Amino acid sequence: MSDKPILEVRDLKMHFPVKEGILLRTNKFNKAVDGISLTIHRGETLGLVGESGCGKSTLGRCITRLYQPTSGSIYFEGQDITHLKGNALLPFRKDIQMIFQDPMESLNARHTVGDILEEPFIVQKIGDRISRKKQVLKLLDTVGLPARSTSRYPFEFSGGQRQRIGIARSIALNPKLVICDEPVSALDVSIQSQILNLLIDLQKEFNLSYLFIAHDLAVVKHISDRIAIMYLGKVVESAAGETIYRKPLHPYTRSLISAIPVPDPHRKVKRQVISGDVPSPIDPPSGCPFHPRCPQVMDRCKHEPPQLRSVADKHLVSCHLDL
Amino acid sequence: MPLLEVSNLITEFDTDEGRVRAVDQISFSANTGETLGIVGESGCGKSVTALSIMRLLPQPMGKIAGGSVLFQGVDLTTLPLSKMEKVRGNEIGMVFQEPMTALNPVHTIGKQIAEVLLLHNDYSTQRALKESVDILDRVGIPSPDIRMGEYPHQLSGGMRQRVVIAIALACKPKLLIADEPTTALDVTIQAQILELIKDLQAEMGMSVILITHDLGVIAETCEQVVVMYAGKIVEKGSVFDVFDNPSHPYTRGLLASIPTLETPPKSKLSVIDGMVPGLMDLPPGCRFENRCPYARHACGQSVPPIQVIEAQHEVSCFRWRDI
């Protein structure tokens, strides 16, 4: 792992306008991503965990520039790509790829697998017809699908196999960074482990960096070097995977870990169940966004938003508690 | 006598390609006050089992082709529909996976709960509404009298699932069937809902059948567990039997393939190779044979009989002694 990060995100904000009334005036904003900074190094996996609506997928889509962020900046290998447009973005599209949650929705149902996997080469104008076909066969082999898959359509495959096709497409152009947005959430457990193994093997083989977005902390911890926990558009804690699990400091991280059901019937510990729902990012609570659900809330938390601070080596927490 | 006794239940569907057997000769029983878990992957027949018990199979395609479902000694499969309607929602309540589709979007919450009470009791509208408020309060909905007048879309996912539970429990059923009640919810909300079901179960002394694909949820909430694969029960027993001494290769494979917070990061997860056979072309022998690392010639020839390991622990495998 080199010291120079492959990706650096600084104070990124993505505020979606909320249109209301018959005049569709914008009076409110959905602050899906509200000031996030993070870095990913070469060959590293950063896991991003949070509940639905916390902004983790939006962040992923900002980094791939599927969304134009409201403010902040994204540096890829030191170059600012936040405001690049059109053809200037093309080389980065090759380097930053994405795997989506639902392979049925992200693969074109009317194209054969061969066409789907050939398309990235055509877009980037790489090779001729024959060499492209060869590449497609190589890709299928890499992700463990038979060569005869090229002439088949996505619906002919099972969920796990479709996800393999999605993965093959994402690594087609030898990317440096792959954003994995809930890649195993829709799969059955026995298939989930196959896909996780494949992602780990590919990372070793091609020295890939991953931003691995998921809501399942156990899955994220398995694949990640570092983990960032998100809540309402902000990172509340980030540290090495093992640290997050052994020494979670933020009350939200703690309750998240305590809420995971463990497949061991002997472990009948009383869970620390946090009450309430995740508030809406359109009208987030004042002060610390977690304060209405926090079991250790203090008066100060209600007014003063906590800043992300370093409590130990590479362990950042955003909380007023004396940790 | 167990509260519910399912014996040799067979459920079939007529499809364009012919008749498929989604549930094939399964037997299990649920005791009073106990929680029974049914676990398996998509398409294994766990939801169809629940729908068969409730006689809610899609018509005219689905039908119970054999076996019996004894509830308090009465066979539900042969009960006239008019009597079955008195059982559903009154003596057996059901909670579905997706609370948005289970609730009627054009009726208020209050009306939907009162409807069940009016249908099964000789209540005045006023009394039914009053009791609905009490039930909403009991399932942990804040300011229930205001919520009564709201529509499903005004509630969060967790709140909607609480309403569905309130409807299922309104008539104080003896048995609650919960089909993936927390799958669509975030972990912290899942913890709240599981806790709620557990509390209400203790308070009302009812039995619960919990259907899920999550072995963690089973381990934490159930006393008995049934493992299903491709329409058949492969193993059943107490949670301690099944988790401490998994005897079917499928149960073993399933337990080994889940990443937990304890597994070392980026280590190889064990996988179950291959895929579930399609219900249209089931093998003549053991249905797990093509994926089983212990399979021998005999496994492909005939269906393994159910064998008793000890008192309550049964497995359907020729080779359980050797593995």
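So, how was this worked out
- Residues numbered from 1 in each chain as written.
- Chains lettered and ligands numbered in written order.
- Predicted model: local features only at pLDDT ≥ 70, side-chain atom pairs only at ≥ 80, totals over all residues.
- Heavy atoms only, no water.
- Helix = DSSP H or I, 4+ residues; strand = E, 2+ residues; numbered from the N terminus.
- Buried < 20%, exposed > 50% of the residue type's maximum accessible area, 1.4 Å probe, protein only.
- Contact = heavy atoms within 4.5 Å.
- Areas by Shrake-Rupley, 256 points an atom, 1.4 Å probe, with all protein chains shown as cover.
- Lys, Arg positive; Asp, Glu negative; His and termini not counted.
- Charge placed at Lys NZ, Arg CZ, Asp CG, Glu CD.
- Pairing = 2+ DSSP bridges.
- Axes fitted to C-alpha atoms, helices over the stretch in contact; angles between N-to-C directions.
- pLDDT = per-residue confidence, 0-100.
- Core = buried A, V, L, I, M, F, W, Y, C linked by side-chain atoms within 4.5 Å.
- Phe/Tyr/Trp six-rings, centres within 6.5 Å; stacked < 30°, edge-to-face > 60°.
- Expected span 1.5 Å × (residues − 1).
- Salt bridge = Lys/Arg side-chain N within 4 Å of Asp/Glu carboxyl O.
- Polar contact = N/O pair within 3.5 Å; in protein donor to acceptor, adjacent residues only side chain to side chain.
- Buried area = accessible area lost by both parts, 1.4 Å probe.
- Nonpolar A, V, L, I, M, F, W, Y, C, P; charged D, E, K, R; others polar.
- Disulfide = S-S within 2.5 Å.
- Arc of directions from axis to C-beta.

Chemist: Got a minute to help me understand the overall build of chain A in this structure?
Modeler: Helix and strand counts for chain A stand at ten helices and twelve strands. When the 323 residues of chain A are sorted by exposure, 53% land in the buried category. Counting contacts in chain A only where the partners sit at least 6 residues apart, residues at least 24 apart contribute 63% of the total. About 14600 Å² of surface is accessible on chain A, with carbon and sulfur atoms providing 51% of the total. For chain A, the separation between the mean place of its 43 positive charges and that of its 34 negative charges on side chains is 2 Å.

Chemist: Just to check I follow, could you spell out the sheet that holds strand β9 (residues 224-229) of chain B for this structure?
Modeler: In a beta sheet, neighbouring strands pair by backbone hydrogen bonds and run either parallel or antiparallel. All names here are of chain B. Reading across the sheet, the eight strands line up as β6-β7-β8-β3-β9-β10-β12-β11 and stay open at both edges, with mixed pairing between neighbours. What marks the edges here is a single partner per strand, and that holds for β6 (92-95) and β11 (307-310). Adjacent strand axes in the sheet meet at a mean angle of 20°, parallel and antiparallel pairs treated alike. The pairing of β6 with strand β7 (residues 175-179) spans four bridges and is classified as parallel. By the bridge assignment for β7, Met94 is matched with Ile177.

Chemist: How should the confidence of the model for chain B be read in this particular structure?
Modeler: It should be kept in mind that the predicted coordinates are not to be read in detail where pLDDT is low. Taken as a whole, chain B shows an average pLDDT of 93; of its residues, 100% reach a score of 70 or greater. Two numbers describe this predicted complex: its pTM, 0.89, and its ipTM, 0.84.

Chemist: Where do I start with the nonpolar core in this structure?
Modeler: Inside soluble globular proteins, nonpolar side chains tend to come together where they are buried. Ranked by size, the top nonpolar core spans 61 residues in total, and within it A:Ile167, A:Leu199, A:Phe212, A:Leu217, A:Ile229 and A:Tyr252 carry the most contacts. At seven residues, the largest contribution of residues to this core is made by helix α7 (residues 189-206) of chain A. Residue contacts for A:Leu217: discarding those within four places in its chain leaves A:Val49, A:Ile227, A:Ile229, A:Ile257, A:Ile260 and B:Leu261.

Chemist: Sorry, what's going on with the packing of aromatic side chains here?
Modeler: Geometrically, a pair of aromatic rings is defined through the distance of the ring centres and the angle of the planes. All names here are of chain A. Under the counting rule described, the total for this entry stands at eight aromatic pairs over all chains. Ring geometry for Tyr252 and Phe290: centres 5.1 Å apart, planes at 65°, overall edge-to-face. Linking Tyr252 in helix α10 (residues 251-259) with Phe290 in the loop between α10 and β11 (309-312), this pair joins segments that are 38 residues apart in sequence. On the basis of relative accessibility, which here comes to 0%, the residue Tyr252 falls in the buried class.

Chemist: Any chance you could explain helix α7 (residues 157-169) of chain B here in plain terms?
Modeler: Counting along an α-helix, one turn takes 3.6 residues, and residues three or four places apart therefore face a common direction. Residue and element names in this part refer to chain B. Over its 13 residues, α7 extends 18 Å from the first C-alpha to the last, a length consistent with the 18 Å expected when each residue adds 1.5 Å. Counting buried residues along α7, twelve of its 13 residues qualify, which places the element largely inside the surrounding structure. Those residues of α7 that fall on the buried side of the exposure criterion are Gly158, Met159, Arg160, Gln161, Arg162, Val163, Val164, Ile165, Ala166, Ile167, Ala168 and Leu169. Buried positions along α7 lie against β6, α3 (99-102), α4 (109-120), α5 (125-138), β7 and α8 (187-204).

Chemist: Can you help me understand the pattern of salt bridges in this one?
Modeler: Residues and elements named next belong to chain A. For the structure on display, the rule yields 30 salt bridges over all chains. Between Arg293 and Glu51 there is a salt bridge, with its nearest N and O atoms 3.5 Å apart. Remark: Glu51 occurs in the loop between β3 (45-49) and α1 (56-63) and Arg293 occurs in the loop between α10 and β11; sequence separation between them is 242 residues. Just as Arg293 is buried, Glu51 falls in that class too.

Chemist: Help me out: how do you make sense of the side chain of A:Arg293 in this one?
Modeler: A:Arg293 sits in the buried class, given a relative accessible area of 4%. Only 3.4 Å separates the side chain of A:Arg293 from the side chain of A:Tyr231, close enough to count as a polar contact. When sequence neighbours within four positions are dropped, the list of residues in contact with A:Arg293 reads A:Glu51, A:Tyr231, A:Ile274, A:Ser275, A:Gly276, A:Asp277, A:Val278, B:Thr188, B:Ile189 and B:Gln192.

Chemist: Sorry if this is basic, but what is going on with unusual backbone geometry here?
Modeler: Across the chain, the bulk of peptide bonds are trans and the bulk of non-glycine residues have phi less than zero. Omega for the bond connecting B:Gln59 with B:Pro60 falls within 30 degrees of zero, at 0°, which places this linkage in the cis form. Locating B:Pro60 in the fold gives a position in the loop between α1 (46-54) and β4 (62-71). Although it is not a glycine, A:Arg65 sits at a positive phi angle of roughly 60°. Of note, A:Arg65 is situated in the loop between α1 and β4 (71-76). Look at B:Ser143: it is not a glycine, yet its phi comes out positive at around 40°. Examined against the element boundaries, B:Ser143 turns out to sit in the loop between α5 and α6 (144-147).

Chemist: Can you help me understand the interface of chain A and chain B in this one?
Modeler: Put simply, an interface is often sized by how much accessible area is lost when its parts join up. Taken residue by residue, the interface counts 49 residues in chain A and 45 residues in chain B. Summing both sides of the interface, chain A and chain B together bury roughly 4100 Å²; the carbon and sulfur share of this comes to 53%. Counting the surface chain A buries against chain B, the share from its top three residues, A:His222, A:Pro263 and A:Pro265, is 15%. Our count for the contact surface shared by chain A and chain B stands at three salt bridges. Between B:Lys266 and A:Asp225 there is a salt bridge; the shortest N-O distance is 3.1 Å. For the pair chain A and chain B, the number of links is 23 residue pairs in polar contact (both at pLDDT 80 or more). For the side of chain A that touches chain B, the secondary structure elements donating two or more residues are α7, α8 (217-223), α9 (241-246) and α10 of chain A. Of the residues in the side of chain A that touches chain B, the class split is 19 nonpolar, 16 polar and 14 charged.

Chemist: Explain the state of the cysteines to me, please; I cannot follow it from the model alone.
Modeler: By definition, a disulfide links the sulfur atoms of two cysteines through a covalent bond. Within this structure, the stated rule accounts for zero disulfides over all chains. Lacking any disulfide linkage, A:Cys180 is separated from the closest cysteine sulfur, that of A:Cys54, by 16 Å. Since its relative accessible area comes to 0%, A:Cys180 is described here as buried. Of the cysteine sulfurs around B:Cys44, a residue in no disulfide, the closest is that of B:Cys222, at 14 Å. The buried category is assigned to B:Cys44, whose relative accessible area is 3%.

Chemist: What am I meant to see in α5(B) here?
Modeler: Residues and elements named next belong to chain B. With 14 residues, α5 ought to run about 20 Å at 1.5 Å a step, and its terminal C-alpha atoms sit 20 Å apart, in line with that. Buried within α5 are the following residues: Ala128, Ser132, Ile135 and Leu136. Mapping the buried residues of α5 onto a view down its axis gives an arc of 100°, with all of them on the same face. Opposite the buried face of α5, by more than 90 degrees, sit the exposed residues Gln126 and Lys130. In this fold, the buried residues of α5 make contact with α4, α6 and α7. In the segment just after α5, Gly140 is the residue with positive phi, at about 85°.

Chemist: Which parts of the structure should I look at to understand the pairing of β4(B)?
Modeler: Walk down a regular strand and you will see the side chains alternate between the two sheet faces. Residues and elements named next belong to chain B. Two strands pair when backbone bridges link them, and strand β1 (residues 4-15) and β4 are joined in this way by eight bridges, in the antiparallel orientation. Looking across to β4, one finds that Thr11 is bridged to Ile64. Where β4 and strand β5 (residues 74-75) come together, two bridges link them in antiparallel fashion. Along β5, the bridge assignment pairs Leu70 with Asp75. In this structure, the hairpin formed by β4 and β5 is closed by a connection of two residues, where Gln72 is found at a positive phi of approximately 50°.

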